[in-house]
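An overview of the molecular structure
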Amino acid sequence: MVPNPQREQTVDLGDGGLGRRVVAVEYLVTSLIMASVALVPGWEGVHGTCILFIAALGFLSGAGLLLSRTWPLPGPRTAIVSAAVSTSVGVYCADGSPAVGVLVALYSATAAHIPFLRTPRAVAAATALPFVLLPAALVASGHPGQVAGWLVVLPAVTVLPVVGVRSLLRLAARRARHDVSSELLNRTGLLESSARRLSGAGELGDGMGEELTVSVVHFDDLRDLRLALGPAAAEEVLTECARRAGDLPGALVARLDLDSLAVVRPVELDGSGDAVRTGLDEGRVLHQVLREHVVLRGDGPGLGLRVRPDVSIGVACAPQHGREVDELLALADVAAVRAADEQQRLAVAEGEAAVDVDALRLHTELPAAVADGQLRVHYQRLVAAGSGRTVGVEALVRWQHPERGLLDPGAFIPLAERSHAIVGLTHWVLGTAAAQCAAWRADGRDVTVSVNVSPVVLADPSLVNAVRRAIADNGLDRGALTLEVTETALLGDPEGVGAVLAALRAAGARVSLDDFGTGYTSLTMLRQLQVDELKIDRSFVVAAAQAPVDAAIVRTLADLAHRLSMEVVAEGVEDAATAALVGGLGVDVLQGFHFARPVPAAQVFVPADPVPASRPRGDLTGAAPRTH
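Residues numbered from 1 in each chain as written. Predicted model: local features only at pLDDT ≥ 70, side-chain atom pairs only at ≥ 80, totals over all residues. Heavy atoms only, no water.

1. A word on the overall build of the chain
The condition that has to hold: Only DSSP runs of H or I with at least four residues qualify as helices, and only runs of E with at least two residues qualify as strands; both kinds are numbered from the N terminus onward. Throughout, exposure labels follow a simple rule: accessible area from a 1.4 Å probe, protein chains only, divided by the maximum for the residue type, with under 20% read as buried, over 50% as exposed, and the rest as partly exposed. Contacts are assigned to residue pairs with any non-hydrogen atoms lying within 4.5 Å of each other. Per-residue and other accessible areas follow the Shrake-Rupley method at a 1.4 Å probe size, with only the shown protein chains counted as cover for residues.
On a plain count of helices and strands, the chain comes out with 23 helices and 17 strands. Counting across all 628 residues of the chain, residues that qualify as buried make up 47%. For the chain, the share of sequence-separated contacts (at least 6 apart) that also reach a separation of at least 24 residues comes to 68%. Accessible surface computed for the chain: about 29200 Å², of which carbon and sulfur atoms make up 57%.

Written as structure tokens, this is what we have:
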């Protein structure tokens, strides 16, 4: 259950809250400034002993926070009140000379917490403190004539910074919780907005009353619409459907990815406690709302066209299926995948029978596995056609699970791609593979390393910087790192993906179009994209020896790629006959079990026993999902 917010929350400074080091450094610096007021000669009338005492308390607090984790950390309001009081006492002990200005500036620095307070009332109270305490201190110290001047100056050092920083924080918070293109809530915004509703779910489901449903809606035909009429038309359909769902009583709507929405909504119970019936009823309501025609009104080839969305809906109910929003979203998402095969395009999470519980458990363990070093990278050699010389390796991730042993990517990558975990995992693989490539090259082995990039990661803005860091930190030459992107990654937003590929190449990486021949890449798209390598899908390579048509396809693809200045790789080469055949068809590089299995880095260049021609059952290397 998501806990209710505490009355006094820590400040969010971007690193998890009001960090001990942030507060400690602030206390130490301001204490030194205050001590200087008492010690610098020329400021007559300053009661140095009192000011030094206050400075000593602040210095002691800062040192305690740095040296001891058990030292109590003040909340924002405590910090504000103590800063205002100590500064006001300091002003009282000053003589009205420039020392007062230093102390007021000091308060401005120590009041840096104000913009981060959670409620407008707390912000107003903290901002108003100096307007009350400072005049009182000036009058008490015998300088009433300075009150008016300081009341004119105070807004510049308190109100304006508070308003400005708070506005920026509000804008940043909105951007962090909303989808940029549609202005809908994103996953983060949905989790935060629905947490309060779900926290009361302990009282739900006890007969008549209210129950919370979490639905995931997959738009099954938006990809085709995007290809036919452009991304703007697909966005218009999804946005209009989100608006309709949002008009349902109590509904929260968020965008999960390019073609999926989530809807969190309270529904009335009928007293049966049947979550399946409740979920089906909710799914039918959504179907009825979302399946109505959308008339395209944006400029473009689809203007005036009536589009009827095709959707698959999965529903999970709280508290029967869980009490955590993330858990319910995962359950509903799995149900939505099943719904695509149902006649009504609707499915309900029915507890463990409706989901792969082991997969979900792995999904929740994955972020910790990355942090704890449980992941491993194995490498499969790529050899030059004809000479058989190793020219590169492909990095393939494995999970050394403490209980289940070594897991192939098919056990954990698919669900990771539906969450942010895939981004951190990919960054880790990039850094590990780049470091290993640098070590091999330092030993005189002129090889490159290839890393698979999921469509989810390709759309993440952090990818380019991660690639740039991996290359720079390991001193790799341009082109030593290759990023493999599948055809399907290009279909959602060809122009946007094209810009990302160009940025990756500018960062020093090569780009490979993986599994080519299984998607719908048009020749126009292929001509416009900046791609260095084309990887022919293994289905054509395996069949080439028996089917002249597939052999002709391999030859044609190789010739086309060469004319577009691309290198050609054939994956799935599992015997000598296939290696000789595809090499003769114009392929430059070969990959498959005929040459090597994926192995740890230490075994890549160790002579191995001959490998069998057939692929062992259960090995997912080279087959979807074959990633990272």
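2. Observations concerning the pattern of salt bridges
The cut-off we apply is this: Here, a salt bridge means any Lys or Arg side-chain nitrogen found within 4 Å of an Asp or Glu carboxyl oxygen.
Scanning all chains against the criterion turns up 23 salt bridges. Note that Arg441 and Asp477 form a salt bridge whose closest N and O atoms lie 3.2 Å from each other. You can see Arg441 sitting in helix 15 (residues 421-442) and its partner Asp477 sitting in the loop between helix 17 (463-473) and strand 12 (481-486), a full 36 residues away along the chain. Residue class for Arg441 comes out partly exposed when judged on its relative accessible area of 25%. Connected through shared salt-bridge partners, Asp220, Arg291, Asp310 and Arg345 make up one network.

3. Points about the packing of helix 10 (residues 231-246) against helix 11 (residues 275-290)
The condition that has to hold: Axes here refer to lines fitted to C-alpha atoms; in helices the fit is confined to the stretch in contact. Angles between the N-to-C directions go from 0 to 180 degrees. Oblique is the label for any angle not under 35 degrees, not over 145, and not in the 65 to 115 range, which are roughly parallel, roughly antiparallel and roughly perpendicular in turn. Take the far helix as your reference; a near helix turned counterclockwise from it by less than a right angle gives a left-handed crossing, and one turned clockwise gives a right-handed crossing.
For the pair helix 10 and helix 11, the least separation of the axes is 9 Å and the interaxial angle reads 135 degrees. Here helix 10 lies oblique to helix 11, going by the angle between them. Relative to helix 11, the crossing made by helix 10 is right-handed. Only Leu286, Val289 and Leu290 of helix 11 make contact with helix 10, whose side of the interface consists of Cys241, Arg244 and Ala245.

4. Digging into the environment of Ala601
Examined against the element boundaries, Ala601 turns out to sit in the segment after strand 17 (599-600). C-alpha separation for the pair Ala601 and Val377, spaced 224 residues apart in sequence, amounts to 7.7 Å. Residues within four places of Ala601 in sequence aside, it is in contact with Val377, Tyr379, Gln436 and Trp440.

5. Overview of the packing of helix 9 (residues 222-229) against helix 10
Where we set the bar: When residues are grouped by polarity, Ala, Val, Leu, Ile, Met, Phe, Trp, Tyr, Cys and Pro land in nonpolar, Asp, Glu, Lys and Arg in charged, and all others, Gly among them, in polar.
Interhelical geometry of helix 9 versus helix 10 gives an angle of 140 degrees and a closest axis separation of 6 Å. The angle between the axes of helix 9 and helix 10 places the two elements in the oblique class. Facing helix 9, whose interface residues are Leu222, Leu225, Arg226 and Leu229, helix 10 presents Pro231, Ala233, Ala234, Val237 and Leu238. Of the residues that constitute the contact of helix 9 with helix 10, the class distribution is 8 nonpolar, no polar and 1 charged.

6. Structural notes on the environment of Ala499
Note that Ala499 resides in helix 19 (residues 494-506). Overall, the relative accessible area of 47% leaves Ala499 in the partly exposed class. Along the primary structure Ala499 and Leu529 are separated by 30 residues, whereas in three dimensions their C-alpha atoms are 8.7 Å apart.

7. Some words on the confidence of the model for the chain
Applied cut-off: As a per-residue quantity, pLDDT reports the predictor's confidence and falls between 0 and 100.
On average, the chain scores 77 in pLDDT, and the residues at 70 or more come to 73%. Per-element averaging of pLDDT across the chain places helix 4 (residues 98-110) at the bottom with 63 and strand 11 (residues 448-452) at the top with 95. Scored below 50 in pLDDT, residues 1-18 shows 36 contacts in the model against residues more than four places distant or in partner chains. This stretch, residues 201-209, has a pLDDT under 50; its non-local contacts, to residues over four places away or in other chains, come to 22 contacts.

8. Thoughts on unusual backbone geometry
Peptide bonds are trans in most cases, and residues, glycine excluded, mostly fall at negative phi. Of note, Arg345 is a non-glycine position whose phi angle comes to about 55 degrees, a positive value. Among the secondary structure elements, Arg345 is positioned in the loop between helix 12 (325-339) and strand 7 (346-348).

9. Thoughts on the environment of Val573
On the secondary structure map, Val573 appears in the loop between strand 15 (567-571) and helix 23 (576-584). For Val573, a relative accessible area of 0% corresponds to the buried category. The contact partners of Val573, leaving out residues within four places of it in the chain, are Val541, Thr578, Ala579, Val582, Leu590, Gln591, Gly592, Phe593, His594 and Phe595.

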